[in-house]
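Architecture and fold: a report
Now for the letters of each chain:
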Amino acid sequence: MTVTLQRPFGETVERVRAALKEQGFGVLTEIDVRATLQEKLGETIEDYLILGACNPPLAHRALEADRRIGLLLPCNVVVRSADGHTVVEALDPQVMVTVSEQPGLRPVADDAAARLTAALESLRG
């Protein structure tokens with residue numbers, strides 16, 4: 001799930017946070033990959049941020065269906081710079097269903113996918 005924007009990285013990060021919040025997600029974790037690689041390895045890459053987004057009711061439903069699903073939580077959303085644009089990407093929650101093979105996860109994944117799609121689409125406006 002990807003959207004490419006003609007907006008600055010910092011502005012996009014703030015808009016992504018707001019779009020996720022609008023869809024019931026909070027950001028539990030934040031990994032500044034650029035800063036980490038610079039600090040630990042002395043390597044320089046483009047702006048690259050991983051946001052660990054969680055919608056607690058959806059997470060609870062997913063865990064009720066399959067406790068092992070915690071391995072795929074929270075939903076990671078990447079915001080990165082690429083060729084003068086800012087790219088926002090999220091892993092399709094349907095991956096949970098494929099990995100787990102628990103049919104009870106399908107409605108949760110459908111709901112999560114709809115919310116993430118709505119969040120990404122709202123960034124275009």
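The preceding data block contains the structure.
Now for a quick tour of the structure. (Residues numbered from 1 in each chain as written. Predicted model: local features only at pLDDT ≥ 70, side-chain atom pairs only at ≥ 80, totals over all residues. Heavy atoms only, no water.)

Before going further, it helps to examine the overall build of the protein. The helix and strand tally for the protein stands at 5 helices and 5 strands. The 125 residues of the protein split such that 37% are buried. Put simply, 67% of the contacts in the protein that link residues at least 6 apart link residues at least 24 apart. Counting only carbon and sulfur atoms, one obtains 54% of the accessible surface of the protein, whose full area is about 7000 Å². On the protein, the mean spot of the 13 positive side-chain charges and the mean spot of the 18 negative ones are 4 Å from each other. (Helix = DSSP H or I, 4+ residues; strand = E, 2+ residues; numbered from the N terminus. Buried < 20%, exposed > 50% of the residue type's maximum accessible area, 1.4 Å probe, protein only. Contact = heavy atoms within 4.5 Å. Areas by Shrake-Rupley, 256 points an atom, 1.4 Å probe, with all protein chains shown as cover. Lys, Arg positive; Asp, Glu negative; His and termini not counted. Charge placed at Lys NZ, Arg CZ, Asp CG, Glu CD.)

With that settled, the discussion passes to the environment of Arg 67. Mapped onto the fold, Arg 67 is located in the loop between α3 (56-65) and β4 (75-82). Look at Arg 67 and you get exposed, because its relative accessible area is 62%. When the C-alpha positions of Arg 67 and Ser 100 are compared, they lie 9.8 Å apart, and in sequence the two are 33 residues distant. Only 3.4 Å separates the side chain of Arg 67 from the side chain of Glu 64, close enough to count as a polar contact. (Polar contact = N/O pair within 3.5 Å; in protein donor to acceptor, adjacent residues only side chain to side chain.)

Among the surface-exposed residues, Leu 71, Leu 72 and Val 99 lie close enough to one another that they form a single nonpolar patch of about 320 Å² accessible area. Structurally, the position occupied by Leu 71 is in the loop between α3 and β4. What makes Leu 71 exposed here is its relative accessible area of 76%. (Patch = residues over 30% accessible without salt bridge, like charges linked within 9 Å, V, L, I, M, F, W, Y side chains within 5 Å. Salt bridge = Lys/Arg side-chain N within 4 Å of Asp/Glu carboxyl O.)

Along strand β3 (residues 48-54), 6 of the 7 residues are buried, which leaves the element largely enclosed by surrounding structure. In terms of strand pairing, strand β2 (residues 26-32) meets β3 through 6 bridges, oriented antiparallel. The partner of Val 27 across the bridge, within β3, is Ala 53. As paired strands, β3 and β4 are joined by 6 bridges and run antiparallel to one another. When the sheet's bridge partners are listed, Leu 49 is paired in β4 with Val 79. (Pairing = 2+ DSSP bridges.)

This next bit is on the pattern of salt bridges. Per the counting criterion, the structure on display carries 11 salt bridges. Within the structure, one salt-bridge network assembled from shared partners comprises Glu 14, Arg 17 and Glu 30.

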